[in-house]
Amino acid sequence: MIDLHYTLIAQTQNDYLREYVQTLRIVMLVILMWMEAPVADGMCTLCHQKPLLYRCRTCHGWPQLCAECLDSTHSFNPFHDVQMWTGDHFARTTALTDRLLLFLGHYGSICPSLSWRGGCTLSFQEKQDAMFRKDASGLIDHKTLCVVDSAGVFNVNFVFCACGKALPEWQQLLNMGYFPCTTEKVSSVFTFRALEKFGLEMIYTKATAMSFMSVIYRRTNSILPQDIKVRDNYLRIPPIKAESLHYDSEQNRYQELIRLSRMWTDLTLRKHSGYAHDALLAIASPPGSLALFCPACPQPGINLPEKWEEDEEGWKYIRCINMDGNFKADHLVMSTPNDVYLSD
């Protein structure tokens with residue numbers, strides 16, 4: 001007797017597509033449309049006490065939240081995809097990053113040495129609450145920076161550590177996962193996540209810096225990416241040809257990505273090679289110190305037989321080094337004059 005419970009019938013991908021067309025498509029479409037509407041009672045799905053104003057499409061289940069619950073659940077997640085209910089649909093909004101303050105130093109907590117404007121005296125809990133208040137910018141000095149993340153371009157309010165031995169601003173940003181584009185008068189940063197994602201896409205999908213930044217712009221504003229606000233100005237989408245880049249360096253996210261990605265790759269390679277543990281290597285690296293050991297290449301004393309030098313078929317032990325496996329050595333000729341080499 002055959003137990004039908006354990007009988008498996010192999011289905012092809014076309015079988016699944018037929019099932020989708022015949023029965024699943026209308027059900028899935030209804031669910032997708034249902035997700036575009038607010039909950040039936042119109043109340044926050046977390047506290048159930050205040051009317052919903054926002055929803056987060058990054059959090060689990062796309063919760064629909066009031067302003068207070070949105071702030072309290074996103075104090076360390078400022079780059080989530082937040083949308084605001086306009087009365088007839090959800091639209092992307094910058095309300096979270098506009099009023100949220102991100103504190104540097106002290107692992108994201110408020111610096112105890114900060115001076116509050118007007119000499120006001122606040123308790124520790126009041127200071128914690130102030131980081132979510134709309135009028136927090138009037139209580140504490142902060143700096144608005146342009147942040148490029150894999151989720152989009154954001155204008156974020158940062159509050160730097162004010163302790164006597166505080167690190168420079170660019171080092172405080174680096175310690176919190178933000179790669180500054182400059183070390184003096186920092187105005188824009190890239191998140192480590194954005195640089196890591198670009199590195200992976202450049203290797204596995206052959207994405208260019210232009211393509212990657214185009215995706216970032218579209219994720220920020222899919223309809224009018226040129227209307228993305230960069231602090232007090234509108235973003236200018238870079239042209240394709242590098243020689244025609246004639247716009248403010250402050251808004252040049254494309255060129256910044258090219259430069260920072262090179263620096264990030266160099267730092268990652270040196271970090272993985274143990275340079276951070278040896279001060280001499282960090283200052284002056286000897287030739288070949290970054291090279292990787294190849295177990296397939298002929299290595300005397302490792303994978304070559306004894307008296308291999310006397311073998312008549314010496315060609316078997318020739319070590320071949322190919323500079324460019326894709327035969328595109330012409331790419332080594334940089335279009336930018338006086339290009340800086342990070343490694344030889």
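Residues numbered from 1 in each chain as written. Predicted model: local features only at pLDDT ≥ 70, side-chain atom pairs only at ≥ 80, totals over all residues. Heavy atoms only, no water.

1. Focus: a nonpolar patch on the surface
Note the cut-off: A patch consists of residues whose relative accessible area exceeds 30% and which take part in no salt bridge; residues with like charges are grouped when within 9 Å of each other, and nonpolar side chains (Val, Leu, Ile, Met, Phe, Trp, Tyr) when within 5 Å. Values of accessible area rely on a 1.4 Å probe in the Shrake-Rupley scheme; residue burial ignores everything except the protein chains shown. In the sections that follow, a salt bridge refers to a side-chain nitrogen of Lys or Arg positioned within 4 Å of a carboxyl oxygen of Asp or Glu. Secondary structure elements are taken from DSSP: a helix is a run of H or I of four residues or more, a strand is a run of E of two residues or more, and numbering for both begins at the N terminus.
Taken together, the side chains of Ile26, Val27, Leu29, Val30, Ile31, Met33 and Trp34 make up a nonpolar region of the molecular surface, amounting to roughly 770 Å² of accessible area. Relative to the helices and strands, Val30 is located in helix 1 (residues 13-35).

2. Thoughts on helix 7 (residues 209-220)
Cut-off, in case you're wondering: Multiplying 1.5 Å by the helix residue count minus one yields the expected span of that helix. Burial here depends on accessible area, computed with a 1.4 Å probe over protein chains only, as a share of the maximum for the residue type. Under 20% is buried, over 50% is exposed, and the range in between is partly exposed. The arc in question is traced by the directions running from the helix axis to the C-beta atoms. We call two residues in contact whenever any of their non-hydrogen atoms come within 4.5 Å of each other.
Under the 1.5 Å per step criterion, the end-to-end length of helix 7 is 17 Å for 12 residues, consistent within 8% with the ideal 16 Å. When we look at burial in helix 7, the residues that qualify are Ala209, Met210, Phe212, Met213, Ile216, Tyr217 and Thr220. Angularly, the buried residues of helix 7 cover 165° about the axis, an arc narrow enough to put them on a single face. Its buried side turned inward, helix 7 meets strand 4 (90-92), strand 6 (143-149), strand 7 (152-159), strand 9 (188-191), helix 6 (192-204) and helix 8 (253-272).

3. Considerations on the packing of helix 7 against helix 8
As a reminder of what qualifies: Structural elements are reduced to axes, namely lines fitted to C-alpha atoms, with helices fitted over the stretch in contact, and the angle between N-to-C directions of any two is expressed from 0 to 180 degrees. Here is the rule for angles: anything less than 35 degrees is roughly parallel, anything more than 145 is roughly antiparallel, 65 through 115 is roughly perpendicular, and the remaining ranges are oblique. For a crossing to be left-handed, the near helix must be turned anticlockwise from the far one by less than a right angle; the clockwise case is right-handed. Under the scheme applied here, ten amino acids are nonpolar (Ala, Val, Leu, Ile, Met, Phe, Trp, Tyr, Cys and Pro), four are charged (Asp, Glu, Lys and Arg), and all others, including Gly, are polar.
Interaxial distance between helix 7 and helix 8 falls to 10 Å at its minimum, and their mutual angle equals 125°. Classified by the angle their axes make, helix 7 and helix 8 are oblique. Two packed elements cross with a definite hand, and for helix 7 against helix 8 that hand is right-handed. Contact residues: Ala209, Met210, Phe212, Met213 and Tyr217 in helix 7; Arg253, Tyr254, Leu257 and Ile258 in helix 8. Looking at the contact of helix 7 with helix 8 residue by residue, the class counts come to 8 nonpolar, no polar and 1 charged.

4. Section: the packing of helix 6 against helix 8
Direction vectors running N to C along helix 6 and helix 8 enclose 85°, while the axes themselves pass 10 Å from each other. Taken together, helix 6 and helix 8 sit at an angle that is classed as roughly perpendicular. Within the contact between the two elements, helix 6 uses Phe192, Leu195, Glu196 and Phe198 and helix 8 uses Leu257, Leu260, Ser261 and Trp264. Across the contact of helix 6 with helix 8, the residue classes break down as 6 nonpolar, 1 polar and 1 charged.

5. With respect to the environment of Gly105
With respect to the helices, strands and loops of the structure, Gly105 is situated in the loop between strand 5 (101-103) and helix 4 (124-130). Once the C-alpha coordinates of Gly105 and Phe160 are considered, the two residues, 55 residues apart in sequence, prove to be 7.1 Å apart. Beyond its immediate sequence surroundings of up to four residues, Gly105 is in contact with Cys161 and Met176.

6. Some details on helix 8
Relative to the 28 Å expected for 20 residues at 1.5 Å per residue, helix 8 spans 27 Å between its end C-alpha atoms, a close match to the ideal helical length. The positive-phi residue at the C-terminal boundary of helix 8 is Gly274, with phi of around 85°.

7. Focus on the sheet that holds strand 4
To keep things clear, this is the line we draw: Pairing between strands is defined by DSSP: at least two bridges between them are needed.
Ordered in space as 2-1-3-4, the 4 strands form an open sheet in which the pairing is antiparallel. Each of the sheet's edge strands pairs with one partner strand only, and the pair in question is strand 2 (64-65) and strand 4. In terms of strand pairing, strand 1 (residues 54-56) meets strand 3 (residues 82-85) through 3 bridges, oriented antiparallel. Residue pairing across strands places Cys56 opposite Val82, the latter belonging to strand 3.

8. Here we look at the nonpolar core
Short version of the rule: What is meant by a nonpolar core is a set of buried Ala, Val, Leu, Ile, Met, Phe, Trp, Tyr and Cys residues, joined one to another through side-chain atoms within 4.5 Å.
In terms of nonpolar packing, the biggest core is built from 25 residues, with Leu145, Val147, Val156, Phe158, Leu173, Tyr178 and Val189 touching the most fellow members. Those elements giving two or more residues to this core turn out to be helix 2 (67-73), helix 3 (95-99), strand 6 and strand 7. Non-local contacts of Leu173, meaning those with residues more than four positions away in its chain, are made with Leu104, Leu145, Phe158, Phe160, Tyr178, Val186 and Val189. Ranked by size, the runner-up nonpolar core spans 19 residues in total, among them Phe179, Cys181, Phe190 and Tyr254.

9. Some remarks on the environment of Ala67
Structurally, Ala67 is set in helix 2. Note on Ala67: relative accessible area 13%, which makes it buried. Each C-alpha atom, one on Ala67 and one on Cys44, is 9.1 Å from the other, the two residues being 23 residues apart in sequence. Contacts of Ala67, omitting those with residues within four sequence positions, involve Leu53, Tyr54 and Arg99.

10. Section: the state of the cysteines
By definition, a disulfide links the sulfur atoms of two cysteines through a covalent bond. Counted only if it meets this: When two cysteine sulfur atoms lie within 2.5 Å, the pair is treated as a disulfide.
Taken as a whole, this structure holds 0 disulfides when the rule is applied. We note that Cys146 lacks a disulfide partner, and the nearest cysteine sulfur, in Cys181, lies 8.0 Å from it. Summary of cysteine pairing: Cys161 is not part of a disulfide, and the nearest cysteine sulfur, belonging to Cys163, is at 3.6 Å. Judged by relative accessible area, which is 16%, Cys161 ranks as buried.

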